[in-house]
Amino acid sequence: MNVQTKIKQTTIETKALRNALALVKPIMQKAHRWTIPVLGTVRVSIVGDTGVITATDLNREMAVSFPAEGEPIDFLIQPRFLEHVLKHGGPSVEISRGEWKYSTTTFPAIVLKSGELTARINEIIQPEDFPKSMFDQRPFEQPQEIEASAFRYALDACAPSISDEETRYYLNGVYLEAWTAICAWSAPTGTG
């Protein structure tokens, strides 16, 4: 016998969640590279009237916010499963957290309802297992504004120095440090 006890419920506009998912999904590793199962999920957290979807590969992290309404909820889900619900559902998604009882055993679950579609996910991986956010662990200063043309110019200037060696992937980028009125850019060449 399958009985759902609804504990929390929130509603999200499908288009807003689809757009947020599309932005964070490139951060994730390819499916065949998931050596840590939690990296194959995105974290969806909703508090008040704002939701945040987060993806990480432990080297990079991206969090995108979207409007939501309802009770606070926090869960992990595989992007392909969430994409399927968003693609085949209605204009909004109702998310509820509850328990699914089968015989005498109780399982935590997330239920997604969108239009005629209802999907249930057993919570195998808990939100507490998702890697701690880089943003929560570092004290960041106030955001600095950089003019788009200056930002592009600096990236173009650093591009020839960026390493393309696959074995030292951590050298494939630029380092940006901003002070009150000055930005410093650098790119490692990987040559020592």
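Keep in mind that what you see is a predicted model, and the values were worked out from it rather than measured. (Residues numbered from 1 in each chain as written. Predicted model: local features only at pLDDT ≥ 70, side-chain atom pairs only at ≥ 80, totals over all residues. Heavy atoms only, no water.)

A.B. asks: Just to check I follow, could you spell out the overall build of the chain for this structure?
C.D. replies: Within the chain, the secondary structure is distributed over 4 helices and 10 strands. Buried positions account for 31% of the 192 residues belonging to the chain. The long-range share in the chain, meaning contacts at least 24 apart out of those at least 6 apart in sequence, stands at 60%. Within the structure as shown, the chain displays about 12700 Å² of accessible surface, and the carbon and sulfur contribution to it stands at 53%. (Helix = DSSP H or I, 4+ residues; strand = E, 2+ residues; numbered from the N terminus. Buried < 20%, exposed > 50% of the residue type's maximum accessible area, 1.4 Å probe, protein only. Contact = heavy atoms within 4.5 Å. Areas by Shrake-Rupley, 256 points an atom, 1.4 Å probe, with all protein chains shown as cover.)

A.B. asks: Quick question: what am I supposed to make of helix α1 (residues 14–24) here?
C.D. replies: Given 3.6 residues per turn, any residue in an α-helix points the same way as the ones three and four places further on. Those residues of α1 lying buried are T14, A16, L17, A20, L21 and V24. Buried residues of α1, viewed axially, fall in a sector of 165°; they line one side. Turned more than 90 degrees from where α1 packs its buried face, K15 and A22 sit exposed. (Arc of directions from axis to C-beta.)

A.B. asks: For this particular structure, what's the right way to read the environment of P37?
C.D. replies: Inspection of the secondary structure assignment puts P37 in the loop between α1 and β2 (42–47). Assessed through its relative accessible area of 56%, P37 is described here as exposed.

A.B. asks: Looking at this model, I keep getting lost on the pairing of β2. Mind explaining?
C.D. replies: Residues in a regular strand project their side chains so that they alternate between the two faces of the sheet. Residue alternation in β2 divides its side chains into a buried set, V42, V44 and I46, and an unburied set, R43, S45 and V47. Relative to strand β5 (residues 73–77), β2 is paired through 5 bridges, and the arrangement is antiparallel. In the strand pairing of β5, S45 is matched with D74. Note: β2 against strand β3 (residues 50–56), 5 bridges, orientation antiparallel. The residue of β3 that forms the bridge with V47 is T50. Between the antiparallel neighbours β2 and β3 lie 2 residues, among them G48 with a positive phi of about 65°. (Pairing = 2+ DSSP bridges.)

A.B. asks: Hey, could you run me through the side chain of T10 in this one?
C.D. replies: Counting through the fold element by element, T10 comes out in strand β1 (residues 2–13). Assessed through its relative accessible area of 1%, T10 is described here as buried. Of note is the side chain of T10, whose polar atom sits 2.7 Å from the backbone oxygen of E69. Residues contacting T10, with those up to four places away along its chain left out, are I46, A68, E69, G70, E71, I73, V93, E94 and I95. (Polar contact = N/O pair within 3.5 Å; in protein donor to acceptor, adjacent residues only side chain to side chain.)

A.B. asks: Looking at this structure, how should I read a nonpolar patch on the surface?
C.D. replies: There is a patch of nonpolar side chains on the surface, built from I146, F151 and L176 and spanning about 220 Å² of accessible area. The residue L176 is located in strand β9 (residues 175–178) in this model. With relative accessibility at 36%, the residue L176 sits in the partly exposed group. (Patch = residues over 30% accessible without salt bridge, like charges linked within 9 Å, V, L, I, M, F, W, Y side chains within 5 Å. Salt bridge = Lys/Arg side-chain N within 4 Å of Asp/Glu carboxyl O.)

A.B. asks: Honestly, the nonpolar core in this entry has me stumped. Any pointers?
C.D. replies: When a protein is soluble and globular, its nonpolar side chains tend to lie buried together. Within the largest apolar cluster, 28 residues are counted, with the highest numbers of intra-cluster contacts made by V42, I53, F66, I77, L82, I95 and L112. Per-element accounting of this core gives the leading share, 5 residues, to α1. Setting aside residues up to four positions removed in sequence, L112 forms contacts with I77, F81, L82, V85, V93, E94, I95, L117, T118, A119 and I121. (Core = buried A, V, L, I, M, F, W, Y, C linked by side-chain atoms within 4.5 Å.)

A.B. asks: Looking at this structure, how should I read the environment of Q78?
C.D. replies: Along the polypeptide, Q78 turns up in the loop between β5 and α2 (79–88). With 37 residues separating them in the primary sequence, Q78 and T41 have C-alpha atoms 4.4 Å apart.

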